[in-house]
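Remarks on the overall topology
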Amino acid sequence: MKIYRYEQNPLITPADVKPFHNDFEVIGAFNAGIASYKGEVLMLLRVAERPISKDPKIVKAPIYNPDTNELEILDLNTDDERFDFSDPRVIKNKSASATFQYLTSLSYIRIARSKDGHHFTVDEKPLVYPSNSLETFGVEDPRVTQIGDTYYIYFSAVSPVGVGESLVSTKDFVNITHHGMIFGPDNKDVLIFPEKINSKYYALHRPTTKSTGNPEIWIAESDNLLYWGNHKHLIGLRDGMWDSGRIGGGAVPFKTDKGWLELYHGATLEHRYCMGAVLLDLNDPSKVIARSNAPIMEPEADYEKNGFFGDVVFSCGALVEGDVVKMYYGVADTSMACAELSVQEILDSLVYV
Ligand code: MAN
């Protein structure tokens, strides 16, 4: 597979983003949803900000308070035996069954704009900021689906009661309408198809199941983008392969003459995140036609291997022009990059099921 990584990579790094909060530092500007708007490429960045800790023994956890509309900051001591600080992203309570108790940063969505898709300027203010009790730990990993002149932006809404997927819409990337949570916890990596198929909207989603099952990709239907049903399991983990630990949708699916092409992420149990592809039937996207046995992209460049959480390439959006896929992707949970791949080469690399 020929991959053309932009010379300007990483396109946006935390140093390019001015913190929105006083006494915070930006530690991530990554996993951006992508939109094409009025001749510009918009990256809807997930910006992660962390309260600056002057004491190495204190890890701070920022929490949005919906009653005051302010952030509260919890100080946790690394000597506190009740907590596990080994994952830099999260603080685990050893006695609780949940995978984490607090996040070490708070994420929100902020736009970076570009005329050429290579050079970006970051907006002064957030576009989507936590605004309710289901978003007290932040909003993360947005995707954008354009339907007509409306852009649907959906993202993980994170709070102590779980991670679900919430939806907003906009026509101008200034005024936002909130539509609430469309997939309840625990669910992430929703991807809404850009058009109706046989009079239904479709979305991929990724429940994290607890009783039985794995973090795998499902598909659902809707008449109105708000209420989703007829859920079906789409693809699962594969032992010993690049997608053996967890998988989830990546970029918004796009049409090819062979079917809907979805670029999805897969990780091993050691948290190495790669991108691969799955081809779905044009008339019934719950039918899988073919899938990548080998990743189409793996973390290889220095900025993909090293960072806040290294060995991660994670796309939330791509632009397709003819045979060229411009895949924008988060690197090492830190920055944004872009690479161009050929649609035909991706299709040729898939293994038919
Ligand atoms: C995982 C990671 C983090 C993220 C949390 C909550 O631990 O993806 O980056 O903040 O989940 O969504």
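Calculation notes
Residues numbered from 1 in each chain as written. Predicted model: local features only at pLDDT ≥ 70, side-chain atom pairs only at ≥ 80, totals over all residues. Heavy atoms only, no water. Pairing = 2+ DSSP bridges. Helix = DSSP H or I, 4+ residues; strand = E, 2+ residues; numbered from the N terminus. Near = heavy atom within 4 Å. Polar contact = N/O pair within 3.5 Å; in protein donor to acceptor, adjacent residues only side chain to side chain. Areas by Shrake-Rupley, 256 points an atom, 1.4 Å probe, with all protein chains shown as cover. Phe/Tyr/Trp six-rings, centres within 6.5 Å; stacked < 30°, edge-to-face > 60°. Buried < 20%, exposed > 50% of the residue type's maximum accessible area, 1.4 Å probe, protein only. Lys NZ or Arg CZ within 6 Å of the ring centre and 35° of its normal. Axes fitted to C-alpha atoms, helices over the stretch in contact; angles between N-to-C directions.

1. Focus: the sheet that holds strand β24 (residues 313-321)
Spatial ordering of the open sheet is given by β1-β26-β25-β24, a layout of 4 strands whose pairing is antiparallel. Because the sheet does not close on itself, it has two edges, and the strands there are β1 (4-5) and β24. The sheet contact formed by strand β25 (residues 324-331) and strand β26 (residues 335-342) spans 8 bridges and is antiparallel. Note on β26: the bridge partner recorded for Tyr-329 is Ala-337.

2. As for the site of the ligand
Lining the immediate environment of the ligand, one finds Arg-46, Arg-89, Val-90, Phe-100, Leu-103, Glu-140, Val-158 and Lys-188. Residue Arg-46 places a side-chain N or O atom 3.1 Å away from an oxygen atom belonging to the ligand. In the model, an oxygen atom of the ligand is placed 2.6 Å from a nitrogen or oxygen of the Glu-140 side chain. In isolation the ligand offers 310 Å² of accessible surface; the protein chains occlude 83% of this area.

3. Focus: the packing of aromatic side chains
Centre distance and the angle of the planes are the two values used to describe a pair of aromatic rings. Taken as a whole, this structure holds 18 aromatic pairs when the rule is applied. Relative to Tyr-264, the ring of Trp-242 lies with its centre 5.3 Å away and its plane at 35°, an arrangement referred to as tilted. Placement of Trp-242 in the loop between β18 (228-235) and β19 (246-249) and of Tyr-264 in strand β21 (residues 259-267) is noted, with a sequence separation of 22 residues between them. Like Trp-242, the residue Tyr-264 is buried in the burial classification. Through a chain of ring-to-ring contacts, three or more aromatic side chains come together here, namely Phe-83, Phe-85, Phe-100, Tyr-102 and Phe-137. Over the ring of Phe-309 we find Arg-89; its NZ or CZ atom is 3.9 Å from the centre of that ring.

4. Looking at the sheet that holds strand β16 (residues 201-207)
Strand order in the open sheet made by the 4 strands is β15-β16-β17-β18, with antiparallel pairing throughout. Taken across any chain shown, the strands that pair with only one partner, and hence form the sheet edges, are β15 (187-192) and β18. This sheet shows a mean twist of 25° between the axes of neighbouring strands, independent of strand direction. By the bridge criterion, 4 bridges tie β15 to β16 in an arrangement that is antiparallel.

5. Overview of the pairing of strand β22 (residues 273-280)
Here β22 lies mainly inside the structure; 8 of its 8 residues are buried. Relative to β22, β21 runs antiparallel, the two sharing 8 bridges. What sits directly across from Leu-263, in β22, is Ala-277. The antiparallel hairpin formed by β21 and β22 contains 5 residues in its connecting segment, where His-271 sits at a positive phi of about 70°. Bridge count for β22 against strand β23 (residues 288-291) is 3 bridges, and the pairing is antiparallel. In the strand pairing of β23, Leu-279 is matched with Ala-290.

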